[in-house]
Amino acid sequence: MKKFVALFLALTLTCGLAACGGGGNSGGGDSNDTGGSGASTEESTDGDEKEDSGSGEKVAINVIAAQYGQNTTKWWSDFVKDFTTEYPNIDLTVEVESWNDIYTVVNTRISNNDAPDILNIDVFANYQADDLLLPAEDFVSDETYKKMYPAFLEQSNVDGTIWAIPDLASARALYVNKDILDAAKVEIPTTWDELKKACEAIKAYDSKIYPWGIDMTTDEGQAAFAYYTWNNGGGFVDEDNNWALNSDENVEAVEFAISLVKDGYTNSDPSNDTRYDLQDMFGAGQVAMMIGPNSIPTYIADGGYSVNYEVAPIPTNGDNESVSAGVMDRFMCFDNGYSDAELEAIKTFFDYFYEDTRYSDWVLMEGFLPATSTGGEILAEADESMASWVDIVGSCNFYPTAKTEWDDVKQGVINVEQQALLDGNVKELLDKLQAGIAE
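The model shown is predicted, which means the values in this text are computed figures rather than measured ones.

Draft legend 1. Focus on the nonpolar core. Of all hydrophobic cores here, the largest spans 69 residues; its most connected members are Trp-76, Ile-165, Phe-349, Phe-350 and Trp-362. Among the elements that line this core, the one with the most residues is helix α14 (residues 340-353), at seven residues. One finds Trp-230, Ala-257, Ile-314 and Ala-325 within the second-largest nonpolar core, a separate group that totals 55 residues.

Shown next, in the form of structure tokens:
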């Protein structure tokens, strides 16, 4: 097991160095909504059994956290109860928001001069560029900071300063329903040509089954853009880290993805079917193949589904190497003019969250990959199935979330996809997006 852990950690570092960013999606990113919104968990204890971080001063800290799965809200509720029992002089509030709502909620709070103290989300660059954040080493203790994979920290590096810390990570791969593929007499596709032939065979076998699942929603449309462009030799940026949204490879990739929809090989409403909808369809045997995160087995088990599935690399165009999308979400702290006691309370929050056993339980419960070396060791020992993700993790790219234009690019590529679904010209749409971002 120790050899596996060492290999896992090394490949995770390779994953983090592959590109600059994560989300999101993610998020992502892995990073994403199950439909709930605005669930608030709050606990305030007036007892004086313990002093907060060496001070008797009562302090309040508030957190906005992203909803990852069915159990996120309850986990945070239990966390708040346990935390405030142990630290009664810290009044902790955690508000859980869906991925569809969290950006609006946070931006509204900021515009009203009511930024949260701590935010769990995928993006950070715009907040940092507006001088809203504290450097990570100001709000995280040395002991906790040293647990983080250095390459993950580097995804939040701007001008030599780390502005956010990794919450958790995920990688994406191809999931196939083996029973459906076997019945349709097709092998797991490795190329786009094989994928189209597999879709044809599955459709001929059972016209009620969607051969391929695709999500071009505001939830994860940027992930779809990544899956196809990265596996066609393209992507968001070029080798010099400049935006290259309208490259020939990207145009071809998006046109290919749209063709799958137009040919009737996918779920019927990609602009509205989120990956959670697709995961439900996959669990119910309605979708034969889909790209998704390593958390799908947990999702399927929690949903009571029984699927004979296999995990494989994402299909590529021709001889291109298969590339997995890595998604890393973050915690950041807004610069709200804290007293020493408040900063110590925030550090206490992170020490408590990243305590090895508690953090491992969190990651395992949500079905993601760990962002700390110590959590990785515990999680690897607790879940042998993680071994199947080692090769995939080693081949992943990240979203370029450290670039301040990422928010606009993320929404822009989603808009391109959705307009292309309505018969918009992909090249013209990407040319327009590139020109707008490059201004």
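There's plenty left to go through after this.
Draft legend 2. How the structure looks around the environment of Asp-219. Relative to the elements of secondary structure, Asp-219 occurs in the loop between β8 (210-212) and α10 (221-230). By relative accessible area, Asp-219 is classed as buried at 4%.

Draft legend 3. Representation of the pairing of strand β2 (residues 59-66). With six of eight residues buried, β2 lies mostly within the body of the structure. Of the pairings in the sheet, the one linking β2 to strand β3 (residues 90-97) comprises eight bridges and is parallel in character. Within β3, the residue paired with Ala-65 across the bridge is Val-96. For the segment spanning β2, helix α2 (residues 72-86) and β3, crossover handedness is right-handed. Where β2 meets strand β4 (residues 118-121), two bridges bridge the pair, whose relative direction is parallel. Bridging from a neighbouring strand, Ile-64 pairs with Leu-119 of β4.

Draft legend 4. Focus on α10. In terms of burial, α10 is largely enclosed, as 10 of its 10 residues are buried. Taken together, the buried positions of α10 are occupied by Gly-221, Gln-222, Ala-223, Ala-224, Phe-225, Ala-226, Tyr-227, Tyr-228, Thr-229 and Trp-230.

Rules behind the numbers
Residues numbered from 1 in each chain as written. Predicted model: local features only at pLDDT ≥ 70, side-chain atom pairs only at ≥ 80, totals over all residues. Heavy atoms only, no water. Core = buried A, V, L, I, M, F, W, Y, C linked by side-chain atoms within 4.5 Å. Buried < 20%, exposed > 50% of the residue type's maximum accessible area, 1.4 Å probe, protein only. Helix = DSSP H or I, 4+ residues; strand = E, 2+ residues; numbered from the N terminus. Pairing = 2+ DSSP bridges. Right-handed = clockwise from strand over helix to strand, strands pointing away.

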